[in-house]
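Understanding the architecture of this molecule
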Amino acid sequence: MTSPKPKPRSRFRPLHWFLIVGAAGLLVMTFKVAGIFFVSDEARDLQIAFADATHADADAHIQISVGPGLMSVARLVPMFIDDMPAEARHAIAALQEASVGIYRLEHNHAKSDRAALMAAADHRLGSRGWSRIVTVADGRDTVLIYTPADWQDPDEVEVCVAVSDGSELVVVSAKAKTAPLLEIMKQHLPDRRAI
Amino acid sequence: MKNTLKNLTAGVAAFSIFTASIVAANPAGYIDFGSFSPEVGEEYVEVDINKGLLKLASTFAKHEDPEVAEIISNLERVRVNVFGMDDSNRTDVTNRIETVRTKLDEQGWARVVTVREKGGDNVAVFVKQNDDESIHGLVVTVIGGNGEAVLVNVVGDVKLNQIAKLGERLDIDPLRELGLEKEPMEI
């Protein structure tokens, strides 16, 4: 009678699994941290549209993004600050994601085609389902504001803004909950119902 | 006979879908101003607020003025164009606005306000009547004596007696001064 074959030992011991999971977590954290230094896709599209229309290189001075994860951590901060103003608390509560990019445009914007700029920005953001809601042009200054075209959710607002004076470009994109923003607004408006 | 009926039904269905899509894309109170491409150096402002954003604006306005909030919540779209005029573009802008006015007249819009000030503002306000007490849409055209031209299209069902309130909220002077309240008939 032959004895049963011993069960083959697993190649991975608990320590190995711990190291694999730890390495995977570290990799995810690395990507998350690296992602802080990039702007959102919509903000990047606006930056490219401006650079193309001005036939210039957009030299990045600042690029920073804060996603839902980091904002969740940021919302813990008011718990440790006693005298934080209510507006600041509401603003932190409202903000879900944000990214900011500041660029220097190396060529003179005044020589660019503003129509081409608007068309390029509309095309790039339009392909992502965004539409332009505000355009302001005065001299060399240009402001473009975009929101999602099919946006219907009154509880959340998304916006992407580009501001340029011809030599510098600032692009901001943000997503925020509207209820805390409403609280901020209420604090700054007189209550006419009391009259 | 069977095939004829089938083809007729398909044709009517296709026509209905086509018509519905046209209506959905262009509500009765909407007017197409065309697209604008401001040159570098020209002053230009364009605002195009869709229904979703108007709902949000209505939510924010509820606390300050519930009546205006209700008006805004019934709107479909608000579009505003402001042009800075100088010697290089005054003729083009004026012709553009006159073209819009002609288009409105041809499409059956009612001209309810006409202002011609010597050396001052040239204003025309049009409404697209829905019934005796409300409108589908409103267009304000201004060729200003201050070097600015303005086009405004408010799309949505608005009662006549709410138009002035809407002008006050949207900061549109010709609407603010407009009184289109329905006077009750004395018997």
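The numbers attached to residues start from 1 for each chain and follow its sequence in the written order. Starting at A for chains and at 1 for ligands, labels are handed out in the order in which the entities are written. The predicted nature of this model means local features are confined to residues of pLDDT at least 70 and side-chain atom pairs, given and counted, to a pLDDT of 80 or more, with totals for whole chains, interfaces and linings taken over all residues. The side-chain figures draw on all heavy atoms in the structure; neither hydrogens nor water molecules are used.

Re a negative patch on the surface
Exposure above 30% relative accessible area and the lack of any salt bridge qualify a residue for a patch; like charges then connect within 9 Å, and the nonpolar side chains Val, Leu, Ile, Met, Phe, Trp and Tyr within 5 Å. Using a 1.4 Å probe, the Shrake-Rupley method yields the accessible areas, and only the shown protein chains count as cover for residues. The salt bridge definition used is simple: a Lys or Arg side-chain nitrogen within 4 Å of an Asp or Glu carboxyl oxygen. Residues counted as positive are Lys and Arg, residues counted as negative are Asp and Glu, and His and the chain ends are not counted. All charge positions are set by atom: Lys at NZ, Arg at CZ, Asp at CG, Glu at CD. A cluster of like negative charges, contributed by Asp138, Asp141 and Asp165 of chain A together with Glu43 of chain B, occupies part of the molecular surface. Here Asp165 of chain A shows up in the loop between strand E5 (156–164) and strand E6 (168–177). Burial classes: relative accessible area under 20% of the type maximum marks a residue as buried, over 50% as exposed, and values in between as partly exposed (1.4 Å probe, protein chains only). For Asp165 of chain A, a relative accessible area of 35% corresponds to the partly exposed category. A run of DSSP states H or I qualifies as a helix once it reaches four residues; a run of E qualifies as a strand once it reaches two. Both are numbered from the N-terminal end.

Here we look at the pairing of strand E4 (residues 141–148) of chain A
All names here are of chain A. Extensive coverage of E4 is indicated by the burial of six of its eight residues. Of the strand pairs in this sheet, strand E3 (residues 130–138) and E4 are connected by eight bridges, and their pairing is antiparallel. Within E4, the residue paired with Val134 across the bridge is Ile145. Whether two strands pair depends on DSSP finding at least two bridges between them. Remark: two residues form the turn of the hairpin made by E3 and E4, two consecutive strands paired antiparallel; Gly139 in that turn has positive phi of roughly 65°. Bridging between E4 and E5 involves five bridges; their strand directions are antiparallel. Within E5, the position partnered with Val143 by the bridge is Val163.

Structural notes on the pattern of salt bridges
Following the criterion strictly, the structure yields 14 salt bridges over all chains and no others. For Glu97 of chain A, the salt bridge is made with Lys175 of chain A, and the minimal N-O distance between the two is 4.0 Å. Of the two residues, Glu97 of chain A is situated in strand E2 (residues 95–105) and Lys175 of chain A in strand E6; the sequence distance between them amounts to 78 residues. Since its relative accessible area comes to 33%, Glu97 of chain A is described here as partly exposed. A salt bridge links Asp87 of chain B to Arg90 of chain B; the nearest nitrogen and oxygen atoms lie 3.6 Å apart. Overall, Asp87 of chain B belongs to the exposed group, its relative accessible area being 71%.

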